[in-house]
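One-letter residues, chain by chain:
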Amino acid sequence: MHIFDQVIIDVNLATLDNTVDAAYGAITNGAIALKDGKIAWLGKQQDLPDFDALSTPVLSAKGKWMTPGLIDCHTHLVFGGSRAQEFEMRLQGVSYQEIAAQGGGIISTVKATRSASTETLFVAANKRLQTLFKEGVTTVEIKSGYGLDLENELKMLEVAQLLDQHHPINVQKTFLGAHAVPPEFKDRADEYIDYVCEVMLPEVSERGLADAVDAFCEGVGFSNAQTRRVFEKAKALGLPVKLHAEQLSNLAGAQLVAEFSGLSADHIEYLDESGVKAMADAGTVAVLLPGAFYVLRETQLPPLALLQQYQVPIAISTDFNPGTSPICSLKLMMNMACTLFRMTPEQVLEGVTKHAAAALGLHDRGILKVGMNADLALWDIEHPAELAYQYGVNPLSDLWIEGQSMVIR
């Protein structure tokens, strides 16, 4: 007789497991059993093995659909201040360059973040995290990058660490010191990269505050050569890399991150075939960010056909940030990926589960399969396509993180 911590019956499972020969890896009329925070068994309910039903909690899902917990693999969730006024200015015809010249743009967020206390940043970020949690998100990546000096980059990463400790969601921390050139290094980008590599990165690594290293490789960010220096230092410290790449132009950033066996290349609207091929060869995940595409009113679509041709895994994320994607909803990103990028509901569900996990280098979640973390979302829907089709009515019914039932209301 099997010993389980909990059994869920009368459930339809969207496993997203390629070994299950059905759309969404679906197992209808199914059951799933949890033990020690992991999935211990799943399959057709009629095949459920014997267990002690008297001592084991059994939940009837009453025909609802279960998916892996959702994963938001690219966010800038910790920051100070707001840029709503700049949003209004842009709509009144003021250019981004003019706003930046007036002290706006990313530098305004840097100023607000530097002046904010750890407590202020934590309280604001915790509210954003809770919003994602109520949508079924169980893992979130949070980047630094609005401090741009040692003290404040550490402060941001420490806030992310506190969120991981005090909120049920699993938080992955990414160091994004090479996000922009701070005011004190104006017109001295190479010297700032020296500072990132020689001062910030070693200290971040020593304190164990980062799970990965990111950079912004773009004309308004850092060059390919400067980004390479950051990646070489990260590699020497044993930290995996990822990259904001090909968002506004093609600087061959995707090929660079692939050269370093990077976890992901993100944005990638201007990615070309050579970049796609390099990502495919390296196993680098493509992370699409429809929120930024929407807010910036971009017209250059990511190369979906090429990514699919070369079988590059495609993840979807919010890119939640105060400037270019102030949208704290992964469910809305699923809808946008369908409507703006012409992806299918099944593709976007994979993009916020198993491919998002791969983009974070996590291999213990994102699929409903024996041995995987019991990060589970139960939805009051009739078909998995509803998760991308409808927005504004939250169908989340129940949520588990590592086998623990969560209070989501």
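Taking an unreviewed UniProt entry as the reference, the protein is identified by name as Imidazolonepropionase belonging to Pseudoalteromonas ulvae. Its UniProt record gives the protein a comment under Function (unreviewed entry), which states: "Catalyzes the hydrolytic cleavage of the carbon-nitrogen bond in imidazolone-5-propanoate to yield N-formimidoyl-L-glutamate. It is the third step in the universal histidine degradation pathway." The protein has a UniProt comment under Catalytic activity (unreviewed entry) that states "4-imidazolone-5-propanoate + H2O = N-formimidoyl-L-glutamate".

Things to note about the UniProt feature "binding site: Fe(3+)" (unreviewed entry) in the protein
As annotated by UniProt and renumbered to match this structure, "binding site: Fe(3+)" (unreviewed entry) occupies H74, H76, H244 and D319. The largest pairwise C-alpha distance within this set of annotated residues, which runs over 246 residues, is 12.3 Å, so the set is compact in three dimensions. Lining the largest pocket, from this annotated set, are H76, H244 and D319. Considering the arrangement of structural elements, one finds H244 in strand β10 (residues 243-245). In this view, H244 contacts H74, H76, K143, L176, D214, A215, F216, C217, D266 and H267; residues no more than four positions away in its chain are not counted. A polar contact is formed between the side chain of H244 and the side chain of H74, at a distance of 3.3 Å.

Describing the domain arrangement of the protein
Often, the extent of an interface is quoted as the loss of accessible area on bringing the components together. Taken domain by domain, the protein comprises domain 1 (6-67 + 367-406) and domain 2 (70-359). Taking only C-alpha atoms into account, the centre of domain 1 sits 31 Å from that of domain 2. Each side of the interface is counted separately: domain 1 has 23 residues, and domain 2 has 23 residues. When the two sides are added together, the surface that domain 1 and domain 2 hide from each other amounts to roughly 1900 Å², 68% of it contributed by carbon and sulfur. On the domain 1 side of the contact with domain 2, L16, A388 and Y391 bury the most area, a combined 31% of that side's loss. Inspection of the region where domain 1 meets domain 2 yields 0 salt bridges.

Considerations on the environment of T131
By secondary structure assignment, the location of T131 is in helix α4 (residues 118-133). Along the chain, T131 and S329 lie 198 residues apart, while their C-alpha atoms are 7.6 Å from each other.

What about the pairing of strand β7 (residues 137-143)?
Burial analysis of β7 places 7 of its 7 residues in the buried class, the great majority of the element. Across 3 bridges, strand β6 (residues 70-72) lies against β7 in parallel orientation. Counterpart to D72 in the pairing with β7 is V140.

Thoughts on the UniProt feature "binding site: Zn(2+)" (unreviewed entry) in the protein
Mapped onto this numbering, the UniProt entry annotates "binding site: Zn(2+)" (unreviewed entry) at H74, H76, H244 and D319. A distance of 3.5 Å separates the side chain of H244 from the side chain of H76, its partner in a polar contact. Note that D319 resides in the loop between β13 (314-316) and α12 (330-341). Residue class for D319 comes out buried when judged on its relative accessible area of 2%.

Cut-off values and rules
- Residues numbered from 1 in each chain as written.
- Predicted model: local features only at pLDDT ≥ 70, side-chain atom pairs only at ≥ 80, totals over all residues.
- Heavy atoms only, no water.
- UniProt positions renumbered as here; feature names shortened; annotations may be inferred.
- 1 Å grid on protein atoms, 1.4 Å probe; cavity = no way out; pocket = protein on both sides within 12 Å on 5 of 7 lines; lining within 4 Å.
- Helix = DSSP H or I, 4+ residues; strand = E, 2+ residues; numbered from the N terminus.
- Contact = heavy atoms within 4.5 Å.
- Polar contact = N/O pair within 3.5 Å; in protein donor to acceptor, adjacent residues only side chain to side chain.
- Domains from an automatic or database assignment.
- Buried area = accessible area lost by both parts, 1.4 Å probe.
- Salt bridge = Lys/Arg side-chain N within 4 Å of Asp/Glu carboxyl O.
- Buried < 20%, exposed > 50% of the residue type's maximum accessible area, 1.4 Å probe, protein only.
- Pairing = 2+ DSSP bridges.

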